[in-house]
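A structural walkthrough
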Amino acid sequence: MLSEKIMNLSLSDADVEERVAKGLSNKSTDSKSKSIKKIVFENIVTLFNILNLFLMTLLLLVGSFKNMLFMGVVVCNTIIGIVQEIRSKKAVDRLSIVVTSDIGVVRNKEYKEISAEEIVVDDIIVLDAGVQIPCDCEVAEGFCYANESLLTGESDQIEKNVGDTLFSGSYVSSGKVFARVIHTGKENYSSKIETEAAYSKKINSEIMNTLNKVITFCSIAIFPMGIAMFINQYFFNHETMYNSVVSIVAALIGMIPEGLILLTSTVLAVAVIRLSRKKVLVQQLFCIETLARVDVLCLDKTGTITTGELEVVDIESLENDSEIDVILKSLAKCSLDKNSTIRAIDSYLKCRYIKEKEVIPFSSEKKWSGATLCDGKTYVLGAAEMIFDNSHKELFEEIDKIDDNLRVVTLAESDSPFKDKESLPEGLRPLALIIIRDKIRDNASKTIEYFKKQGVTLKVISGDNNKTVERIADTVGVPNAYKSVDATTLVSDEEVEHAVEEYAVFGRVTPQQKKRFVEKLKAHGHTVAMTGDGVNDILALKEADCSVAMASGSDAAKNTAQLVLADNDFAHMPEVVAEGRRSINNIQRSASLFIVKTIYSFILAFVFVFVNVNYPFQPLQISLTSAFTIGIPSFVLALQPNHNRIQGKFMKNVILRAWPGSIMVVLNIIILIIFSGRLTYTEFSTLSVILTSLIGVNLVIRLSIPINALRAALIIFIIAGLSVGILCFTELFNFVILSGFSLRLLLILSASSVVVYNVIYSISDKLLKKA
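Here the structure is a predicted model, which means the values were calculated and not measured. (Residues numbered from 1 in each chain as written. Predicted model: local features only at pLDDT ≥ 70, side-chain atom pairs only at ≥ 80, totals over all residues. Heavy atoms only, no water.)

This structure, assessed with the given rule, holds zero disulfides. Here Cys-351 stays free of any disulfide, with the sulfur of Cys-334 as its closest cysteine sulfur at 13 Å. (Disulfide = S-S within 2.5 Å.)

Okay, structure coming up:
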């Protein structure tokens, strides 16, 4: 039932519209996923697409229409990229809805529920136990206890009465209030902290950095190389304009690894979709790669290792009273404050309960609550030191026997009623000790064991007391958990530099210190991941190479994090690492197929600037060999299972796999140049395509080891495809059936190429394994 005061304070629809028009709503302008329009634009307007369009225009001008077929591949690649990225966007958007929640509000003198983004200044919002406060607001009616641990890192309960401010990002732990919104959007307390974290940070992605270098190199080198080739072909070799343009376009198409960018984005987009099915929201594409490379994982205690809730471990009876469970259940049911202790007791006990006559709420000052039940007796639940004096030595001795890692709540009984809400009843006697602990997440120990086996260093960083944190860290198996430090003692940079390497557990850490710890670890050459769920974590989350938040955490943390665990299950972390490994290893393997072509195309272009022979490849022929030795196999291999640990540097690994093929293609073409006087241009061209395809097939075979059914089918398919193209479509692709000298030369070069290539590749493979 709404009070007259609250109904009078409620906004009308007209009031809401007025505030929305003034920009006083809580709507966020940030979006974690691109719009469809932006996806389409970014996939169409790329540097490589512009280059390909330019090359198509050259062919169009000289009338070589069939050689423009390569644009069909470009269009298909673009469409695949758009479709895959839109699928990924939809998966992210669907999961984003899961991690948001509605809030109760009073409008037009009636209660309703709306999304947090629809709240406006002066709205009356309804907040009760367990609700996260979406906006800064002022209590208008009622009282509650607020848990501000997501803001401060400390789990103290703060009493809030009429006129007190509730900060966005905190939680109502008990009680119920009607509160008037005083700030929205970027004016909220949590948003101001988030703004401090809103600086541009370079993405730490080895794959992206490598691809950018490849793009930059190709962009710079491609035009001068093309101009030099044209001058040689047209002015010195006296080729026709048609032949010169076709040769140049073929050479330049070979230099462009256009499918590599598509392959990378597609593989990562597929990873996003796969992870979304496991309730992992990926908000930054390349973080999948980064987490797989992490060597230091910083864990926030509350929300990551623990759930933020309490659980009852045992109830130790101090009297021979068989009704203790019933008494506790009754106190939990009638309690006015559904705080974490009361919720833990209520959840633990499955029994009947007695109705209450009078209830005394908990307060942080007296640290106890109680009730007079219908059995005529009065019961008090709280801290022993606040209920009994030192004369109860046996009680305190019993409490001292209990592990320091556990919390103890005392149940006391009296035959007398409460005098008032602040005074204990007379004649209290202890009935039982309720032993409680922080609820540790299911599979937390298993997940931490996984990271230990992977050689990842674990650091637990918390705003709580370091002794409390170290005991919980030890419980879940964090190595060196008892090497802990109180962060308030770390003042100088030198102390922090030493501490981040020396200690495993950090207590009483401020938000700024968390960020400093991450900065120092990165400065020492580590790749750092950070997990957190509070506003107090967002500076460190932003600074980390990879950041992970729980869906139950603050909106600020979820907005900042690159990964959000939508079902709050820390056990998904190994699955993210496994997906990252699959993506990186497969991109690395498939990238070598593209780089082979880029390397040999640049070398051959340089060679043909100085020789008096026409370039052996035509654009249509390049499209054929690329489709069957690069495009199709790269996508099949890129989506195969692969959970091997990531070793070495991305570019080095790609080059070590690619260079044997590139060298063999160049050597074969140079030998053909030597014998070009005894060959027609069509024979020269046909031999070049066959030998280059042979090397490409050999690389696919080596990359497919160990061979499974799918990979065997792939190898058969590409050999069949190339054979059909070369033997059955000779006129279309400008091939000729070889005979006599040209056939003998093909057989000799094919046999020697296979042997030499596999020897060189085996040597390179050994170097790769040592890297």
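Continuing now.
Take the sheet that holds strand β13 (residues 378-382) next. One open sheet holds the six strands; their spatial order is β10-β15-β14-β13-β12-β11, and the pairing between them is antiparallel. Sheet topology places β10 (306-317) and β11 (356-360) at the edges, where each strand pairs with a single neighbour. Across the sheet, the mean angle separating the axes of adjacent strands is 20 degrees when strand polarity is ignored. Sheet analysis places β11 next to strand β12 (residues 368-373), joined by four bridges and oriented antiparallel. Counted as the bridge partner of Val-359 is Ala-371 from β12. Each of β10, β13, β14 (407-414) and β15 (429-440) is contacted by helix α14 (residues 340-348), which is oriented at about 60 degrees to β10, the strand it contacts most. (Pairing = 2+ DSSP bridges. Helix = DSSP H or I, 4+ residues; strand = E, 2+ residues; numbered from the N terminus. Axes fitted to C-alpha atoms, helices over the stretch in contact; angles between N-to-C directions. Contact = heavy atoms within 4.5 Å.)

This brings us to helix α8 (residues 206-236). Owing to its 3.6 residues per turn, the α-helix aligns residues three or four sequence positions apart on the same side. Counted at 1.5 Å a residue, the expected span for α8 with its 31 residues is 45 Å, and the 43 Å between its end C-alpha atoms agrees. Of all the bends in α8, the greatest, near 30 degrees, is centred on Ile-222, and the proline Pro-224 appears no more than four residues after it. (Expected span 1.5 Å × (residues − 1). Bend = angle between axes of the 7 residues up to and from the residue.)

What follows covers the packing of α8 against helix α9 (residues 241-255). At a minimum axis distance of 9 Å, the contact between α8 and α9 shows a crossing angle of 155 degrees. Taken as axis vectors, α8 and α9 run roughly antiparallel relative to one another. Here the hand of the crossing between α8 and α9 comes out right-handed. For the pair formed by α8 and α9, the contact residues are Cys-218, Ile-222, Met-225, Gly-226, Met-229, Phe-230, Gln-233 and Tyr-234 on the first element and Met-241, Ser-244, Ser-247, Ile-248, Ala-251, Leu-252 and Met-255 on the second. When its residues are assigned to classes, the contact of α8 with α9 shows eleven nonpolar, four polar and no charged. (Parallel < 35°, antiparallel > 145°, perpendicular 65-115°, else oblique. Left-handed = near helix turned anticlockwise from the far one by under 90°. Nonpolar A, V, L, I, M, F, W, Y, C, P; charged D, E, K, R; others polar.)

What follows concerns the packing of aromatic side chains. Under the definition given, this model contains 18 aromatic pairs. Ring centres of Phe-54 and Phe-223 lie 6.2 Å apart, and the angle between their planes is 65 degrees; on these two criteria the pair is classed as edge-to-face. Here Phe-54, found in helix α4 (residues 47-62), pairs with Phe-223, found in helix α8; they are 169 residues apart in sequence, far enough to count as distant. Arranged with centres 5.1 Å apart and planes meeting at 55 degrees, the rings of Phe-217 and Phe-602 form a pair that is tilted. Of this pair, Phe-217 sits in helix α8 while Phe-602 sits in helix α23 (residues 573-607), and the two are 385 residues apart along the sequence. We classify Phe-602 as buried; its relative accessible area is 10%. (Phe/Tyr/Trp six-rings, centres within 6.5 Å; stacked < 30°, edge-to-face > 60°. Buried < 20%, exposed > 50% of the residue type's maximum accessible area, 1.4 Å probe, protein only.)

Any functional reading would require information that these geometric values do not contain.
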